[in-house]
Amino acid sequence: MQMTRWCHLTRPQRPSGFTTVEIWVDADACPNAVKAILFRAAERVGLQVTLVANGPVSTPPSRLVRAVQVSAGFDVADNEILKRLHPGDLVITADIPLAAEVIDRGGHVLNPRGERYTKDNIRERLTMRDFMDTLRGSGINTGGPPAFGPRDRQAFANALDGILAGSKLPPKLL
């Protein structure tokens, strides 16, 4: 796999020849199985997939898959995604505050376990996240999410296929 750096200080225009929809990946905590599904989907439907992370990210050789490496720091990758996001883009993240901001800006969000965040459910997810954060802050061990497994991978693949099939995307680019 090759590593690509694609980082600009200002919001770039869409590369010539790409569809108007892009997939952005909050790649620091994204499981490799999810990235592999996204790489295949990019080729299958002709969508640009960009992984944003604080460290180097390996990508397959493809004109449709890119990686952006940002500096380390709190929410740096999230802010880079928000800076580059266009309405209608899809963001893959488990970060609830990032998901809420993406939705507010007209984007779509899918988490790596296949759950789609929408205007109808994001406030509830934010409230639960804040509640759990308060519990952890007061010393209560709330545990973490279960290990990512085959069911999660399948749920993500099915949800992504549903989103891509249900959208009015142009045919694959030549």
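Here the residue index of a chain counts from 1 through its sequence in written order. Totals for whole chains, interfaces and linings use every residue, but because this is a predicted model, local features are given only for residues with pLDDT of at least 70 and side-chain atom pairs only at 80 or more, for both listing and counting. In computing side-chain properties, one takes all heavy atoms of the structure into account and sets aside hydrogens as well as water.

Asks: How would you explain the overall build of the protein if you had to name every residue and give the values?
Replies: Every helix listed is a DSSP run of H or I at least four residues long, and every strand listed is a run of E at least two residues long, numbered separately from the N terminus. When helices and strands are tallied, the protein shows 5 helices and 8 strands. For the protein, the α and β elements follow one another from N to C terminus as β-β-α-β-β-β-α-β-α-β-β-α-α. For the exposure calls, accessible area comes from a 1.4 Å probe over protein chains only, and a residue counts as buried if that area is under 20% of its type's maximum, exposed if over 50%, partly exposed in between. Going through the 174 residues of the protein one by one, you find that 44% of them count as buried. Within the protein, contacts between residues at least 6 apart in sequence are counted, and of these 57% link residues at least 24 apart. On the protein, roughly 9,500 Å² of surface is accessible, and the fraction owed to carbon and sulfur atoms is 55%. Contacts between residues were defined by any pair of non-hydrogen atoms, one from each residue, lying within 4.5 Å. In this description, accessible areas are obtained by the Shrake-Rupley approach with a 1.4 Å probe, and a residue is regarded as covered only by the protein chains that are shown.

Asks: Give a detailed account of the side chain of Thr 93, specifying residues and quantitative values.
Replies: Relative to the helices and strands, Thr 93 resides in the loop between strand S6 (90–92) and helix H3 (96–104). A polar contact of 3.0 Å, which involves the side chain of Thr 93, links it to the backbone nitrogen of Asp 95. In this structure, Thr 93 is in contact with Asp 26, Leu 98, Ala 99, Val 109, Leu 110, Asn 111, Pro 112 and Tyr 117, ignoring residues within four places of it in sequence. In protein, a polar contact means a hydrogen-donor-capable atom and an acceptor-capable atom, both N or O and within 3.5 Å, with residues adjacent in sequence counting only if both atoms are side-chain atoms; elsewhere, any N or O pair within 3.5 Å suffices.

Asks: So what about H3? Which residues, and what values?
Replies: Inspection of H3 places Ile 96, Leu 98, Ala 99, Ala 100, Val 102 and Ile 103 among the buried residues, and these make up the whole buried set. Those residues of H3 that are buried lie in contact with strand S2 (22–26), helix H2 (76–84), S6, strand S7 (108–110), strand S8 (116–117) and helix H4 (122–137). In this structure Asp 95 caps H3, since a side-chain oxygen of it lies 2.9 Å from the backbone nitrogen of Leu 98. Where H3 terminates, the next one or two residues include Gly 106, which has phi positive at roughly 90 degrees.

Asks: Break down unusual backbone geometry for me, with residues and values.
Replies: One non-glycine residue, Asp 75, adopts positive backbone phi at about 65 degrees. For Asp 75, the position within the fold is in the loop between strand S5 (65–69) and H2.

Asks: Talk me through the sheet that holds strand S3 (residues 48–53); I want residue IDs and the actual numbers.
Replies: Each strand in a sheet pairs with another by means of backbone hydrogen bonds, the pair being arranged parallel or else antiparallel. Between any two strands, pairing holds if DSSP finds at least two bridges. Pairing is mixed across the open sheet formed by 6 strands, whose spatial order is S5-S3-S2-S6-S7-S8. Each having just a single partner strand, S5 and S8 make up the two edges of the open sheet. Note that S2 and S6 share 3 bridges and pair parallel. Among the inter-strand pairings, Trp 24 is bridged to a residue of S6, identified as Val 91. Here helix H1 (residues 32–45) sits on the sheet and contacts S2, S3, S5 and S6; the angle it forms with S3, its principal contact strand, is near 150 degrees. Orientation is described by axes fitted as lines to C-alpha atoms, over the contacting stretch for helices, and by angles from 0 to 180 degrees between their N-to-C directions.

Asks: For the confidence of the model for the protein, give the residues involved together with the corresponding values.
Replies: Low pLDDT means the predicted atomic positions in that stretch should not be read closely. As a per-residue quantity, pLDDT reports the predictor's confidence and falls between 0 and 100. Mean pLDDT for the protein: 83, with 84% of residues reaching 70 or above. Contacts for the low-pLDDT stretch residues 1–19, under 50 throughout, to residues beyond four places or in other chains number 56 contacts. In this model residues 168–174 is a low-confidence stretch, pLDDT under 50, and it forms 15 contacts with partners more than four residues away in sequence or in other chains.

Asks: Kindly report on H4, identifying the contributing residues and their values.
Replies: With 16 residues, H4 should reach 22 Å at 1.5 Å per residue; the first-to-last C-alpha distance of 22 Å fits that figure. Where H4 ends, the next residue or the one after it, Gly 139, has phi of about 95 degrees, a positive value. Working rule for helices: expected span equals 1.5 Å times residues minus one.

Asks: Please set out the nonpolar core residue by residue, giving values where relevant.
Replies: The set of buried Ala, Val, Leu, Ile, Met, Phe, Trp, Tyr and Cys residues whose side-chain atoms join them within 4.5 Å is what this entry labels a nonpolar core. Val 25, Leu 38, Ile 92 and Leu 160 are the most contacted members of the largest nonpolar core, which has 29 residues in total. Elements with a minimum of two residues in this core: S2, H1, S3, S5, S6 and helix H5 (150–166). In contact with Val 25, other than residues within four places in its own chain, are Cys 30, Leu 38, Val 49, Thr 50, Leu 51, Val 52, Ile 81 and Ile 92.

Asks: Go over the environment of Ala 36 with me, naming the residues and quoting the values.
Replies: On the secondary structure map, Ala 36 appears in helix H1. The partly exposed category is assigned to Ala 36, whose relative accessible area is 28%. In this structure the C-alpha to C-alpha distance between Ala 36 and Thr 59, which are 23 residues apart in sequence, comes to 9.2 Å.

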